[in-house]
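This is what each chain is made of:
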Amino acid sequence: MTTPTKAGAARPAPRAATGPTPPQRRGPGRLRLSTARPWLLLAPALAVLAVLLLWPLARVLLISFQDYGLREIVSGRSNYIGFANYAEVFADPALWTVVLPNTVGFAVAAVGGTVILGTLVALLLASLDRVWRTIVSSAVMVAWAMPAVTGTYVWIWIFDADRGIVNQFLQGVGLLDEPHNWFTDRWSFYAVVLVNIIHHGFPFVAITVLAGLLGVSKEMLEAATVDGAGAVRRFFSITFPTLRPVFAVVVILSTIWDFKVFAQIYLQPGGSGSNRSVFNLGVWSYVESFAQNRYGFGSAIAVLLTVLLLAISVVYVRTLFKEEK
Amino acid sequence: MRKLKRSMAVTAVAALALTACGNGGGSDAEGETLSVWIMEGTNPDAESFFQGVKSEFKEETGATLDVQFVQWAEAHDKFVTSIAGNTTPDVAETGSTWTAEFAEAGALAPLDEQIEKAGLKDDLVEGLVEAGTLEDSLYGMPWYAGVRSVVYRKDIFEKHGLTPPTSWDGLREAGLALKEAEPDMTPFAVPGDSAYLAYPFIWGAGAELAEQEGDTWSSGLDSPEAREGVKFYTDLAVKDGLSSAGATTWNEKDVLDNFVKGNLSMATMGSWAMPAILEQNPDLEGKIGAFPIPGPESGYSPSFLGGSHLSVFEGSKKQELAWKFVEMMTTGETAAEWAEQTNYFPGQASLLEEAAKSDDPLVKPFATQMVEAGTSVPVAPGWGAVEAKKTVPAMIQSILSGDKSVDQATEDAATEIEELLNGK
């Protein structure tokens, strides 16, 4: 997300050269320049975007209409087969019984969990004094700073069947008779992923919401307290409406991240293909295509994922701003 | 296929042309550089080994070697992207299960002419030749090979008066005795995320993973023999409790880690794992042994004979020089030295025979396994897809976790293998 911006900002030289010219609106030539200027200034960033984002996107779309394998890579030939890849994706019962339910169900649970926990932590942080706020937010940052792969291995270790601390604790207090493998069952597998993702994702929500919270008008909150509104009422009647744009950003970003979660699933025991009931769109795409050199099929799944995310984002943004009017 | 034939013709012509000018003298390659990709981690001291190879190669041909080390985990992707971008090296180490796949895509050059000319045709390890052959042409020169056998804790066995088992029943009884005697250790690992550790019990029962009849492949996984083998293997965990709950999702790395930590009494592992075990846990020195995987009644169960080829890329403009390097690496002293340093076996048959005479207790059982009962996975271009899709691990894991019955799981796996090999 930051690459294009950086690349765009890295070229201030031409701007400085044309900068000092005062705005003059005499003649049509001047007028054209003033409409063109924003585009001229945007051009470097747009060019970078086109090369880095648009072209790969177009390539994925083109490849998704082909039977594209190792042979096509070697020869460089194209091999169009129309919508066959998409037909295969939609005809696969695994998509409807395993992959989509896992992807969507997990995203809903993870986004909900991350946003709720993040907001609660933000409210806690907002009510602390400066010293404690620094201490608690630093602690929260540690979870955020942990690389996804490292974090995943820590959770795998915690839930290890034979020697993990969770099983040892449950057996110690007598809730479990013999070691239980948490990674073989679809539900418990995703429960571990959920804990991992929420733990890794809530600090971003907390910090972003906190920034919004500090901007909520104190007078309005005080007035509401005087009027007899409780903490819950104050949150939903004053804080939440003020923070609506903040929540929009947080929810959309979390949805995108949680839809395309890959490493945290692929790295968990059984997640790389030996347990077929835990595939989500990302892992399915990888196992079905990359490992087997079926790049066309994999691209079709990737396009599907992109379209799905676009649709969700559009619907969400629209309802949000409609309500605001 | 047309492309393949054309490329073969081109190489044949090139080989003829090269041999024609090759008579002029050996060291015309002065100043040239040969780029080579080698897998990382096979030889703990690969750097110094290749220093030696480099100077020897320079002496012999005048050419410089540019050796790059590639991680196994990223190697397949790296090959694919280099093929796509026309940046392939001249020579690369290819895993024996990949060679047919890359050859079919037209990326590798056939080596039959050179091998014939060097008189090596009948001196190569059969399993590796089989794995590197596509439509009667050999695309990978056998370099080194290994097999998996059962590695066990000699000290624990001796403490309880047990001897290495020689039949499946014997394996089970040894496991049961160990479960009784050493309750803190797992007697025998039955990992749910490894195909190579399950194959011996399928082959041992007399079944084939897949066989070609005419143009179609059919899988023997749902045959009564295969089911018996799979049932025996998984019952060790499910019924007898000789494995652990965690092992249901273990891969081979997990098996090795747990053996190193002393959690396991027996586990199927490769000869190449021995140096790693002793390096990570020197306390196990002298306490570990190995025995070939027993057959159901007697004899041995076949184990996958895997390894690496050295392949010359079709796009290389230095085919003659490339072959000189391949020949140097895979035959004679250099090959023997590599095998010894890595605890693998050489791909040259005469060298393997020599190595099989070894009395080293950590070499001999593997050599026996390799010579007596080493076998190859089905040589089909689609077999790589079966492995990538983890068909067999998925089958074993679903039985271990209780999701599927043996009959159901084997049937599903057989269907999937047939779909993948026959290209749907």
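Cut-off values and rules
- Residues numbered from 1 in each chain as written.
- Chains lettered and ligands numbered in written order.
- Predicted model: local features only at pLDDT ≥ 70, side-chain atom pairs only at ≥ 80, totals over all residues.
- Helix = DSSP H or I, 4+ residues; strand = E, 2+ residues; numbered from the N terminus.
- Buried ≥ 20, exposed ≤ 12 C-beta atoms within 10 Å, placed from the backbone.
- Contact = placed C-beta atoms within 7 Å.
- pLDDT = per-residue confidence, 0-100.
- Nonpolar A, V, L, I, M, F, W, Y, C, P; charged D, E, K, R; others polar.
- Axes fitted to C-alpha atoms, helices over the stretch in contact; angles between N-to-C directions.
- Parallel < 35°, antiparallel > 145°, perpendicular 65-115°, else oblique.
- Left-handed = near helix turned anticlockwise from the far one by under 90°.
- Domains from an automatic or database assignment.
- Pairing = 2+ DSSP bridges.

**With respect to the overall build of chain A**
A count of helices and strands for chain A gives 16 helices and zero strands. By the burial criterion, 29% of the 325 residues in chain A qualify as buried. Look at the contacts in chain A between residues 6 or more apart in sequence, and 69% of them connect residues 24 or more apart.

**Structural notes on the confidence of the model for chain B**
In the predicted model, chain B carries a mean pLDDT of 88, and the fraction of residues at 70 or more is 93%. For residues 1-6 of chain B, every residue scores under 50 in pLDDT, and the model assigns this stretch three contacts once sequence neighbours within four places are set aside.

**So, the environment of Ile73 of chain A**
Looking at where Ile73 of chain A falls in the secondary structure, it is placed in helix H4 (residues 70-75). Between the C-alpha atom of Ile73 of chain A and that of Ile265 of chain A, which follows or precedes it by 192 residues, the distance is 29 Å.

**Topic: the interface of chain B and chain A**
Contact residues are listed per partner, giving 22 residues for chain B and 22 residues for chain A. Only helix H3 (72-84), helix H17 (383-388) and helix H18 (391-400) of chain B provide two or more residues apiece to the side of chain B that touches chain A. The class makeup of the residues in the side of chain B that touches chain A is 10 nonpolar, eight polar and four charged.

**Quick look at the packing of H18 of chain B against helix H19 (residues 406-421) of chain B**
All names here are of chain B. Running from N to C, H18 and H19 point in directions that differ by 165°, and their axes come no closer than 9 Å. Judged by the inter-axis angle, H18 sits roughly antiparallel to H19. By crossing handedness, the relation of H18 to H19 is classed as right-handed. Across the interface between the two elements, Thr391, Val392, Met395, Ser398 and Ile399 of H18 pack against Val406, Ala409, Thr410, Asp412, Ala413, Glu416 and Ile417 of H19. Partitioning the contact of H18 with H19 into residue classes produces seven nonpolar, three polar and two charged.

**Concerning the domain arrangement of chain A**
Many structure descriptions define interface size as the accessible area lost when the parts assemble. Along its sequence, chain A is carved into domain 1 (28-63) and domain 2 (84-324). On a C-alpha basis, the centroid separation for the pair domain 1 of chain A and domain 2 of chain A is 34 Å.

**Re the pairing of strand E7 (residues 148-153) of chain B**
All names here are of chain B. With six of its six residues buried, E7 lies for the most part within the structure. The pairing of E7 with strand E11 (residues 264-270) spans five bridges and is classified as antiparallel. Its bridge partner being in E11, Val151 is matched across the sheet by Ala267. Strand direction decides the pairing type here: E7 and strand E12 (residues 288-291), joined by four bridges, are antiparallel. In the strand pairing of E12, Arg153 is matched with Ile288.

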